[in-house]
Amino acid sequence: TFQKTDVRDMPDFNVFFKHDCTYPWYSDGVWFLTQMRRWGQIGEPKPDEWYHEQARRIYLPEVYMTAAKALIEEGHMSADDIPDTDGFKPVDNGFIDGIPFDGRAPTAYLKSLPVGHQD
């Protein structure tokens, strides 16, 4: 917890829709599924398209867009706050573990991991 004497400028401490943080990225769903496969919660290897299909069933950008358009009309959000995307983030730089993640290639990502199921 923060102490009363701990005063710092933290403009992005709580982010609610800036930086596309609430957009339902297919690649985020694919990452969660790769972790479930990696640690055995998904018991069998799956092809890339399986991961993509599951993410598309669960992550619903059309619902997000309906809400975002309403917020834009009400003046709470700008059209510039909505990403122009196919639902996949660019390949990251290996955020914490240094292993880049590409949501379009989940099997290749699994194979690059040193621990866990790699298929």
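Residues numbered from 1 in each chain as written. Predicted model: local features only at pLDDT ≥ 70, side-chain atom pairs only at ≥ 80, totals over all residues. Heavy atoms only, no water.

Engineer: Explain the packing of helix 1 (residues 26-38) against helix 2 (residues 48-58) residue by residue, including any values.
Structural biologist: One way to put it is that helix 1 packs onto helix 2 with a least axis distance of 8 Å and a crossing angle of 125 degrees. By the criterion of interaxial angle, the relationship of helix 1 to helix 2 is oblique. Remark: the crossing between helix 1 and helix 2 carries right-handed chirality. The residues of helix 2 that touch helix 1, namely those facing Tyr-26, Val-30, Leu-33, Thr-34 and Arg-37, are Trp-50, Tyr-51, His-52, Gln-54, Ala-55 and Arg-56. Among the residues forming the contact of helix 1 with helix 2, the class breakdown is 6 nonpolar, 3 polar and 2 charged. (Axes fitted to C-alpha atoms, helices over the stretch in contact; angles between N-to-C directions. Helix = DSSP H or I, 4+ residues; strand = E, 2+ residues; numbered from the N terminus. Parallel < 35°, antiparallel > 145°, perpendicular 65-115°, else oblique. Left-handed = near helix turned anticlockwise from the far one by under 90°. Contact = heavy atoms within 4.5 Å. Nonpolar A, V, L, I, M, F, W, Y, C, P; charged D, E, K, R; others polar.)

Engineer: Go over the side chain of Thr-107, please, and point to the residues and values.
Structural biologist: With respect to the element layout, Thr-107 can be found in helix 4 (residues 106-112). With a relative accessible area of 18%, Thr-107 lands in the buried category. In contact with Thr-107, not counting residues within four places along its chain, are Lys-46, Pro-47, Asp-48 and Asp-119. (Buried < 20%, exposed > 50% of the residue type's maximum accessible area, 1.4 Å probe, protein only.)

Worth remembering: the numbers are spatial, not functional.
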